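Read off the chains here:
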Amino acid sequence: MRKAYYTINDVLRSPWVKYKPDAQKSTSTDRVLRSTKLEDSIYADLRNDDPELERIEQEASAKMASFPALTRDVFQSFYSLMPRRQETDHLSAAAQRFNAPILDHVLAHEDYPTLKAVCEGRELPAYEAAEEFITKTAGELDDLLSSLGGDKGSVNTLEKLEAAQAKAESELSAMLERMEKSGVYNETLEQAIIEAANTAESKRRQAEAVGKKISADAARNQEEAAMLVARAVTTAAKKAQEVQSILASWSDEPGNMEKSALNRKMLDTVRQSDVLKRVSEYLGRFREIFAQGKRNSYAYGRGEKYSLELGRDLTRALSSELVMLASPETLPLFLRKYQRGQIKQYCRREPIFKGAGDIICCLDESGSTAGDLAAWGKAVALTLLEIAQSEGRKFALVHFSGPGRFQTDVFLPGQSSLEEKLHAAETFLGGGTDFQTPLAEAERLMREGGFENADIAFITDGECSLPETCVEMLQKAQSELRFTVTGILLDEGNAGMDFSLKTFCQNIYRTSELTGDQIVREIVLDRV
């Protein structure tokens, strides 16, 4: 390359004379987003015992040295309430050319607001979504780097050139400073300065050329890069929603989505069963509908404050706790305390209402309900179980199909376990449809099992005629035992389907008339 400087005067007239080494260049970072110490601690805890992600990062780092920082930034973009960027001047070459554009595509994707709503302040959904994104991205890293202008190790070349440039610039600056301080002519030093200036200028031009090439390639392939990142964001969003739905469905604390042995075990257990995963798609949402209905079902006024307790009711939180929301540094601490139910709040003396009668859910498990209908029905049944448990009522789930085929799961107040719920959710009988069998079992529970003033929910997708003698016996039993019946007909696509129990029903809900969520809301409103 042609020399830029031949004499010391050439150098003294150049911009290098005013150049001062940038201290920040030696402390440049691959991290595009800032994080607090608490967020770093949370992430470090989540990363423990995750050898698979470690392996993925190591393999990807051979192609893109800043890849581990991308993993951390993706988690930060999902988890943090207000992601904050580093100054561009603080970023390494790789972070500027690759990490930052990838994150820009993530933040611009149409699924990002949904993803953020699921992951914000929630450890496990955010971490598993980030891991899914990184796994997908690592599998397509060659194409992604190529679309961002980084084919054939150009980013590593640029990093080496910029490092060499910084070294040459620093050496030149030191020599110029020494010449200025000496105040005497030194031919050897002047020649060294001329050589150092040419070296620094050469490295600057090379780095600039490579950088321009990468930028030009990235501009040409911007749509391809956006498409590759979009696929990874979509899979991450699905993973986050899966984690949220599983924990919201089966956890005793649906709002607690921290890393814990219990939550990990729950995720592993449910993921091994397609049936449980399908039920989870509905149950978490239905539990939230019930929780909302319970909160809105009555108002006690402010109540009498008489003590302090820990919880997550923001309407009763102490002002000293809420003040943490005002600072970005203390916001992660507030979110963590909220997740753990450790917000200091006032206790209030409030009225306690006794619930209505015990609940019996008769669930049609004939072959025609296999799949989504069965999953939806199980989710409704388990929501009814939660309603019963919250009010100290007995609950029974009567699975039924053809004549004589049934299974009854009884849940007594305060005595049911997660394993029993999972077992009930996985049960599926198959076969035909017969109403007499579950009705007989329901009557037995009321006469012999201590189910008083029973509230029967009857969920079915088919028609079934009842003999006149059975109808008469049912009328007599209803008058004697004072039970109510709510019919839920899975008749979408078959509007107007007849229901032989309609004369005994106080309410009948049809999926041909209402959505599944609307039916659940109506059921909840009737029972809380």
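The structure presented is a predicted model; accordingly, all values stated were derived computationally and were not measured. (Residues numbered from 1 in each chain as written. Predicted model: local features only at pLDDT ≥ 70, side-chain atom pairs only at ≥ 80, totals over all residues. Heavy atoms only, no water.)

As a further point, take the overall build of the protein chain. Looking only at helices and strands, the protein chain has 20 helices and eight strands in total. In terms of overall dimensions, the protein chain is more spread out than a globule: its C-alpha atoms have a radius of gyration of 33 Å, far above the 24 Å expected for 528 residues. Oriented by its inertia axes, the alpha-carbon framework of the protein chain measures out at about 120 × 55 × 35 Å. Residues classed as buried in the protein chain amount to 47% of the 528 residues present. Contacts spanning at least 24 positions in sequence make up 79% of the contacts within the protein chain whose residues lie at least 6 apart. Positive and negative charge centroids in the protein chain, built from 67 and 83 side chains respectively, lie 6 Å apart. (Helix = DSSP H or I, 4+ residues; strand = E, 2+ residues; numbered from the N terminus. Rg over C-alpha atoms; globule rule 2.2 N^0.38 Å. Buried < 20%, exposed > 50% of the residue type's maximum accessible area, 1.4 Å probe, protein only. Contact = heavy atoms within 4.5 Å. Lys, Arg positive; Asp, Glu negative; His and termini not counted. Charge placed at Lys NZ, Arg CZ, Asp CG, Glu CD.)

Glancing now at the environment of Ile523. Note on placement: Ile523 falls in helix H20 (residues 516–527). According to the relative accessible area criterion, Ile523 is buried, its value standing at 5%. For the pair Ile523 and Leu384, spaced 139 residues apart in sequence, the C-alpha to C-alpha distance is 8.6 Å. Those residues within four positions of Ile523 in sequence are excluded, and the remaining contacts are Val380, Leu384, Ile488 and Tyr509.

This part covers unusual backbone geometry. One non-glycine residue with positive phi stands out, namely Asp49, at about 60°. Structurally, the position occupied by Asp49 is in the loop between helix H2 (37–47) and helix H3 (51–61). Its identity as a non-glycine residue notwithstanding, Arg482 has a phi of 55°, on the positive side. According to the relative accessible area criterion, Arg482 is exposed, its value standing at 62%.

Side chains of a nonpolar character, in soluble globular proteins, are inclined to be buried together. Ranked by internal contacts, the top residues of the largest apolar core, which has 89 residues, are Phe78, Phe133 and Trp250. The element best represented in this core is helix H11 (residues 222–250), accounting for 13 residues. Among all residues touching Phe78, those that are not within four sequence positions of it are Val106, Tyr112, Leu115, Lys116, Cys119, Glu120, Ala126, Ala129, Ala130 and Ala236. (Core = buried A, V, L, I, M, F, W, Y, C linked by side-chain atoms within 4.5 Å.)

For the rest of this paragraph, the subject is the sheet that holds strand E7 (residues 484–489). Pairing is mixed across the open sheet formed by six strands, whose spatial order is E5-E4-E3-E6-E7-E8. Two strands in the sheet have a free side with no partner beyond their single neighbour: strand E5 (406–411) and strand E8 (505–510). Ignoring which end each strand starts from, the neighbouring axes of this sheet average 15° apart. Across six bridges, strand E4 (residues 395–400) lies against E5 in antiparallel orientation. (Pairing = 2+ DSSP bridges. Axes fitted to C-alpha atoms, helices over the stretch in contact; angles between N-to-C directions.)

Quick look at the packing of aromatic side chains now. Applying the stated criterion across every chain, the model contains 10 aromatic pairs. Plain terms: the ring middles of Phe286 and Trp376 are 6.3 Å apart, the flat faces sit at 85° to each other, and that makes the pair edge-to-face. With Phe286 in helix H13 (residues 274–296) and Trp376 in helix H16 (residues 372–390), the pair connects residues that are 90 residues apart, well separated along the chain. Phe286 sits in the buried class, given a relative accessible area of 0%. Taking relative accessible area as the criterion, Trp376 reaches 8% and is therefore assigned buried. A ring pair is formed by Phe435 and Phe458, whose centres lie 4.9 Å apart and whose planes are at 75°; its orientation type is edge-to-face. Placement of Phe435 in the loop between helix H17 (418–426) and helix H18 (436–448) and of Phe458 in strand E6 (residues 455–460) is noted, with a sequence separation of 23 residues between them. Phe458 matches Phe435 in its accessibility class, with the two residues each being buried. Taken together, the ring pairs connect Tyr43, Phe75, Tyr79 and Tyr127 into an aromatic cluster. The positively charged end of Arg72 is found above the aromatic ring belonging to Tyr43, 4.8 Å away from the centroid. (Phe/Tyr/Trp six-rings, centres within 6.5 Å; stacked < 30°, edge-to-face > 60°. Lys NZ or Arg CZ within 6 Å of the ring centre and 35° of its normal.)

Let's shift gears to the confidence of the model for the protein chain. Note that predicted coordinates carrying low pLDDT should not be read in detail. Of all residues in the protein chain, 91% have pLDDT values of 70 or greater, and the mean over the chain is 85. The spread of mean pLDDT over the elements of the protein chain runs between strand E1 (residues 304–311), the lowest at 67, and E4, the highest at 96. Note on residues 298–303: pLDDT is under 50 here. Beyond four places in sequence and across chains, it has six contacts. Contacts from residues 350–355, a stretch scored under 50 in pLDDT, to residues over four places away or in other chains number five contacts. (pLDDT = per-residue confidence, 0-100.)

As a further point, take the state of the cysteines. With the rule as written, the count across this model stands at zero disulfides. Cysteine Cys505 is unpaired, with the sulfur of Cys362 as its nearest cysteine sulfur at 11 Å. (Disulfide = S-S within 2.5 Å.)

Attention shifts here to H3. An α-helical segment advances 3.6 residues per turn. Residues three or four places apart therefore align on the same side. Where H3 is concerned, the buried positions are Leu53, Ile56, Glu57 and Ala60. The arc enclosing the buried residues of H3, seen along the axis, measures out at 95°, which places them on a common side. When the buried face of H3 is taken as reference, the exposed residues oriented beyond 90 degrees from it are Pro51 and Gln58. Its buried side turned inward, H3 meets H2, helix H4 (67–79), helix H7 (123–139) and helix H8 (141–147). (Arc of directions from axis to C-beta.)

Buried within H2 we find Glu39, Ile42, Tyr43, Leu46 and Arg47. One face of H2 carries all of its buried residues, which in axial projection span an arc of 135°. Tucked inside the fold, the buried residues of H2 contact H3, H4, H7 and helix H15 (331–339). Looking one or two residues beyond H2, the residue adopting positive phi is Asp49, at roughly 60°.

Once that is clear, we can look at the environment of Met82. By the element assignment, Met82 lies in the loop between H4 and helix H5 (93–108). Remark: the alpha-carbon pair of Met82 and Ser35, spanning 47 residues in sequence, is separated by 10.0 Å.

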